[in-house]
Amino acid sequence: MITFKKIDATHAYAGMARIQGSSIGFVPTMGALHDGHLSLVRRAKEENDLVIVSIFVNPIQFNNAGDLEKYPRNLDRDIVLLESAGCDVVFAPDAAEMYPEPIEKHYDFGGLETVMEGAFRPGHFNGVAIVVDKLFRITLPHRAYFGEKDYQQLAIIQALVKQEKLDVEIVPCPIRREHDGLAMSSRNERLTEQMRAAAPAIYQWLLHARAMAASHTAGEIEKMVIAETQKNPLLRLEYFTIANEETLQAVTGRISPGDRAFIAVFAGDIRLIDNLKLI
Ligand code: PAF
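Right, let's walk through the structure included here. (Residues numbered from 1 in each chain as written. Predicted model: local features only at pLDDT ≥ 70, side-chain atom pairs only at ≥ 80, totals over all residues. Heavy atoms only, no water.)

### A closer look at the state of the cysteines
So, step 1. Applying the stated rule across the entire model yields 0 disulfides.
So, step 2. Unpaired in this structure, Cys87 has its nearest cysteine sulfur neighbour in Cys173, at a distance of 15 Å.
So, step 3. Take Cys87: its relative accessible area is 5%, and that puts it in the buried class. (Disulfide = S-S within 2.5 Å. Buried < 20%, exposed > 50% of the residue type's maximum accessible area, 1.4 Å probe, protein only.)

This is the structure in structure tokens:
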């Protein structure tokens, strides 16, 4: 496995691999890797000749300076994990390499970026789109792998690829969960023992929503989930929304195929998100 810190070296390597006829699978990450990331790497390895993983904690997608500062980082450990998962190339630039000067681009994704995460984290998806567009242009992937835990991000990346006419196939990958249902996330590392014990309730609420989907309206389900979250002293609900998985616009009436429940919760200052297809 090779590790590059520089854009030019990574781009040259990927370009040469393409000329030699290799297919490239790309997994963008912010490090602090867990089995969810590694499952993307393993899948990329099965489907491509060469796997490139980026590790870059992208400052411009954090709307909260404290969150950026506390985001877990452990490059040495990540490199060991990536080697064992079959990664070929790690691209781990620093912020000066990625942003020698500020990028002023402003994307419009037709409303996908303004709801749910976008409403609570202003500018977040613009920062994600800027960095992913840049990473694609550096690593030249045929396929790029994204987890469905960040479902809204996945929808925005699909819109980005269309809008920018990027020649890359986006491969959505199912959410990986711990044995008790908690969605795997780099942020889970920061949970205290008590918070960690409380956090699986998030998935239980989603399951409860799914169990009610055939017989209740979105509004009724939302009310029920909000009431359940209020009984849990360690988790503070930011939003629970039922939305169509293509438009991401909120659903209020009966649940239809393609509707999904989305949730964001705080455990202390740690923000956890999850989602589940309802029908
Ligand atoms: O999902 C993430 O880890 C990040 O948003 C991504 C896609 C690596 C962009 O920084």
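### Section: the site of the ligand
So, step 1. Taken together, Pro28, Thr29, Met30, Asn58, Gln61, Val131 and Gln153 make up the full set of residues adjacent to the ligand.
So, step 2. Between Gln61 and the ligand, the recorded distance is 2.6 Å, taken from a side-chain N or O atom to an oxygen atom.
So, step 3. Taking Gln153, its side chain carries an N or O atom lying 2.7 Å from an oxygen atom of the ligand.
So, step 4. When the ligand sits alone it has 290 Å² of accessible area, and the protein chains cover 90% of it.
So, step 5. In terms of residue class, the shell around the ligand is built from 3 nonpolar, 4 polar and no charged. (Near = heavy atom within 4 Å. Polar contact = N/O pair within 3.5 Å; in protein donor to acceptor, adjacent residues only side chain to side chain. Areas by Shrake-Rupley, 256 points an atom, 1.4 Å probe, with all protein chains shown as cover. Nonpolar A, V, L, I, M, F, W, Y, C, P; charged D, E, K, R; others polar.)

### Points about the sheet that holds strand E1 (residues 2-4)
So, step 1. Spatially, 6 strands are ordered E1-E4-E3-E2-E5-E6 in an open sheet, and the strand pairing comes out parallel. Sheet topology places E1 and strand E6 (169-173) at the edges, where each strand pairs with a single neighbour. Ignoring which end each strand starts from, the neighbouring axes of this sheet average 25° apart.
So, step 2. Both strand E3 (residues 50-55) and strand E4 (residues 89-91) contribute to a ladder of 3 bridges, which runs parallel. Bridge pairing links Val53 to Val90 in E4.
So, step 3. The sheet contacts of helix H2 (residues 35-47) involve strand E2 (24-29), E3, strand E5 (143-147) and E6, and relative to E5 the element is tilted by about 155°. (Pairing = 2+ DSSP bridges. Helix = DSSP H or I, 4+ residues; strand = E, 2+ residues; numbered from the N terminus. Axes fitted to C-alpha atoms, helices over the stretch in contact; angles between N-to-C directions. Contact = heavy atoms within 4.5 Å.)

### Here's the deal with the pairing of E3
So, step 1. For E3, a buried count of 6 out of 6 residues is recorded, marking the element as mostly surrounded by other parts of the structure.
So, step 2. Judged by which residues are buried, E3 turns out to be covered on both faces: Leu50, Ile52 and Ser54 on one side and Val51, Val53 and Ile55 on the other are all buried.
So, step 3. Considered for its hand, the β-α-β crossover made up of E2, H2 and E3 is right-handed. (Right-handed = clockwise from strand over helix to strand, strands pointing away.)

### Looking at the pattern of salt bridges
So, step 1. For the coordinates displayed, the defined rule picks out 20 salt bridges.
So, step 2. A salt bridge links Glu164 to Arg137; its shortest N-O distance comes to 3.6 Å. Within this pair, whereas Glu164 is found in the loop between helix H8 (151-163) and E6, its partner Arg137 is found in helix H7 (residues 124-139), the two being separated by 27 residues in sequence.
So, step 3. Judged by relative accessible area, which is 23%, Glu164 ranks as partly exposed.
So, step 4. By relative accessible area, which is 42% here, Arg137 ends up partly exposed.
So, step 5. Residue Arg196 is joined to Asp180 by a salt bridge in which the shortest nitrogen-to-oxygen separation is 3.0 Å. With Arg196 in helix H9 (residues 193-198) and Asp180 in the loop between E6 and H9, this pair connects stretches of sequence that are 16 residues apart.
So, step 6. Salt bridges sharing partners connect three or more residues here, namely Lys105, Asp133, Arg137 and Glu164. (Salt bridge = Lys/Arg side-chain N within 4 Å of Asp/Glu carboxyl O.)

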